[in-house]
Structure formats: structure tokens, C-alpha cells
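# Structural characterization, general
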Amino acid sequence: GPKVLQIPSHQIIDMGQMVTLNCDPVSNHLYFYWYKQILGQQMEFLVNFYNGKVMEKSKLFKDQFSVERPDGSYFTLKIQPTALEDSAVYFCASSLLGGQNTLYFGAGTRLSVL
Amino acid sequence: QQQVRQSPQSLTVWEGETAILNCSYEDSTFDYFPWYWQFPRESPALLIAIRPVSNKKEDGRFTIFFNKREKKLSLHITDSQPGDSATYFCAASGSSGSWQLIFGSGTQLTVMP
């Protein structure tokens with residue numbers, strides 16, 4: 001089936017540094033999402049993005065977070081500066097349409113903030 | 001406050017048995033309930049989904065039973081196979097303008113041969 005690729009699979013950084021998580025969504029998809037999962041807990045919605053704009057964001061999407069998809073390439077999640085509580089697995093997803101369309105997920109990037 | 005709850009957290013069944021995974025939700029405006037499964041080191045993927053216009057959705061060995069009055073649903077896996085061993089996530093969303101898919105914390109299913 002359609003594949004969403006996330007790079008890297010694991011990233012370790014020091015608290016206060018900037019980190020960019022990259023997502024290569026399904027090629028013809030138009031809607032993009034980030035979810036955060038702390039070990040043993042559920043995936044929690046962070047943000048969705050369409051047509052170059054954030055459509056919705058949750059309370060977890062702090063001011064230090066930003067997303068963009070420059071020139072239709074990678075969909076990125078940037079955290080600047082990072083905090084210890086940002087340690088989690090971040091899942092990217094994409095869908096062809098919005099609303100209740102099927103989400104296709106990447107395998108996640110495990111972020112460890114030391 | 002968890003809007004989507006799943007139980008049990010982990011479940012072990014023998015090959016050939018029926019596994020029953022439970023899910024409940026808070027928000028009565030939710031009208032779309034997909035189940036995603038995730039194998040180790042792989043991406044979560046859509047398994048089966050139901051909308052409240054029906055109280056049952058079947059796809060092969062996988063069946064969702066839905067109880068709108070009690071805000072509960074369950075996923076039944078008949079004739080369980082070792083290849084069904086995965087983490088199963090119940091999710092929910094509404095049509096009130098939000099596209100957020102709210103996930104439960106998952107049930108880790110192990111099917112013993």
C-alpha cells in the first residue's frame with residue numbers, strides 16, 4: 001500500500017537544541033498530520049496541514065513547534081528549543097482528502113531529549 | 001481526560017480462539033470509528049472502520065460490534081492466527097468541523113500457536 005517515510009527513525013539531542021523531523025508523505029496526498037506518542041500511551045493529535053497552512057492544532061502543539069512543507073517536498077516538524085517533555089515518538093500521517101479519510105502513517109521518529 | 005478508552009491493555013489467546021478487544025468513548029458527536037493495527041517496527045495501518053448508521057461491520061475474520069446507546073464498540077477477531085499479533089488502536093472522530101482522530105492507548109494482542 002501507500003508508504004509514508006519518516007527520517008530519521010531515532011534522534012538524540014540535548015535539551016534546548018533545535019530538531020527537525022522529516023516526513024515524506026504519499027505522493028498525491030494533500031493533507032498532512034503529526035501525532036505524538038509517549039511510551040505506553042495513546043497517539044495524540046498535534047496538528048494537521050493543508051494547502052500550505054495549519055488547519056487545526058491541539059494544546060500539545062506548543063509555540064516552540066512549527067510545521068511546513070516547502071516546495072511540496074518533505075513535511076517537517078520543527079521544535080525550537082526542545083524540552084525534556086518533548087521526548088516521544090512522533091508519527092507523521094497523510095491522507096488524500098480531509099475529514100474522515102483514511103490516514104496513512106509513517107513508522108515514527110523516536111526523539112530523545114537529554 | 002481520555003476520550004477513547006481501550007481494554008484490556010494486553011490480551012493473549014490461543015490460535016483458533018476469538019479475541020475480543022473493547023473500546024468506549026465519551027463524545028456523543030463522534031461518528032467515525034476506525035481501528036488501526038500496528039506490527040512491531042511498522043507503521044499503524046487502517047484495519048477496519050464503522051460509522052454509527054450500522055451496529056456491525058464485518059471484514060473477513062474481523063468484526064466491529066457497535067453500541068451507540070452505551071458508547072461502546074468491540075473488535076472481534078475470529079479464528080485468531082499468530083500473524084494477528086499486533087497492537088490494535090481504536091480511534092474516533094466527529095463531523096463537527098474537527099478532523100482530529102482521537103486514539104485509544106491500544107490493546108497488545110498476542111496469539112499463541
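Bear in mind the structure is a predicted one, so any value in this text is a computation, not a measurement.

As a further point, take the packing of aromatic side chains. Scanning the model with the defined rule gives 20 aromatic pairs over all chains in all. A centroid spacing of 5.5 Å and a plane angle of 90° characterise the contact between Tyr35 of chain A and Phe103 of chain B, whose relative ring orientation is edge-to-face. With one member in each of two chains, Tyr35 of chain A in strand 4 (residues 31–37) and Phe103 of chain B in strand 10 (residues 102–103) form a pair that bridges those chains. For the pair Tyr35 of chain A and Phe103 of chain B, one class covers both residues: buried.

What follows deals with the state of the cysteines. All names here are of chain A. Using the criterion set out here, one finds 2 disulfides over all chains in the structure. Paired through a disulfide, Cys23 and Cys92 show a sulfur-sulfur distance of 1.9 Å. Residues Cys23 and Cys92 are joined by a disulfide whose S-S torsion is about -65°; by sign, that bridge is left-handed. Note that Cys23 is positioned in strand 3 (residues 19–24) and Cys92 in strand 9 (residues 88–95), a separation of 69 residues in sequence.

Turning our attention to the side chain of Gln37 of chain A. The residue Gln37 of chain A is located in strand 4 in this model. Take Gln37 of chain A: its relative accessible area is 13%, and that puts it in the buried class. Beyond its immediate chain neighbours, meaning those up to four positions away, Gln37 of chain A contacts Gln42, Met43, Ala88, Val89 and Phe91 of chain A together with Phe89 of chain B.

With that settled, consider the pairing of strand 3 of chain A. Residue and element names in this part refer to chain A. Note: strand 1 (residues 5–7) against strand 3, 3 bridges, orientation antiparallel. Looking across to strand 3, one finds that Leu5 is bridged to Asp24. In this sheet, strand 8 (residues 75–79) lies alongside strand 3 in antiparallel orientation, the contact comprising 5 bridges. The residue of strand 8 that forms the bridge with Leu21 is Leu77.

A separate point is the environment of Gly108 of chain A. Residues and elements named next belong to chain A. By secondary structure assignment, the location of Gly108 is in the loop between strand 10 (104–105) and strand 11 (109–113). Taking the relative accessible area as the measure of exposure, Gly108 reaches 9% and is therefore buried. C-alpha of Gly108 to C-alpha of Lys62: the two residues are 46 residues apart in sequence and 20 Å apart in space. In contact with Gly108, other than residues within four places in its own chain, are Gln6, Pro8, Ser9, Val89, Tyr90 and Phe91.

We now examine the nonpolar core. Among the nonpolar cores identified, the biggest contains 27 residues, and Trp35, Leu73, Leu75 and Tyr88 of chain B are the most heavily contacted of them. Mapped onto this core, the elements with two or more residues apiece are strand 2 (10–14), strand 3 (19–25), strand 4 (30–38), strand 5 (45–50), strand 7 (62–67), strand 8 (72–77), strand 9 (86–94) and strand 11 (107–112) of chain B.

For the rest of this paragraph, the subject is the sheet that holds strand 8 of chain A. Residue and element names in this part refer to chain A. Strand order in the open sheet formed by 4 strands is 1-3-8-7, with antiparallel pairing between adjacent strands. The two strands at the open ends of the sheet, each matched to only one other strand, are strand 1 and strand 7 (65–68). The mean angle between the axes of side-by-side strands here comes to 20°, regardless of whether they run parallel or antiparallel. Pairing of strand 7 with strand 8 involves 4 bridges; the strand directions are antiparallel. Within strand 8, the position partnered with Glu68 by the bridge is Thr76.

Rules used throughout
- Residues numbered from 1 in each chain as written.
- Chains lettered and ligands numbered in written order.
- Predicted model: local features only at pLDDT ≥ 70, side-chain atom pairs only at ≥ 80, totals over all residues.
- Heavy atoms only, no water.
- Phe/Tyr/Trp six-rings, centres within 6.5 Å; stacked < 30°, edge-to-face > 60°.
- Helix = DSSP H or I, 4+ residues; strand = E, 2+ residues; numbered from the N terminus.
- Buried < 20%, exposed > 50% of the residue type's maximum accessible area, 1.4 Å probe, protein only.
- Disulfide = S-S within 2.5 Å.
- Contact = heavy atoms within 4.5 Å.
- Pairing = 2+ DSSP bridges.
- Core = buried A, V, L, I, M, F, W, Y, C linked by side-chain atoms within 4.5 Å.
- Axes fitted to C-alpha atoms, helices over the stretch in contact; angles between N-to-C directions.

Any link to function would need more than the numbers given here.
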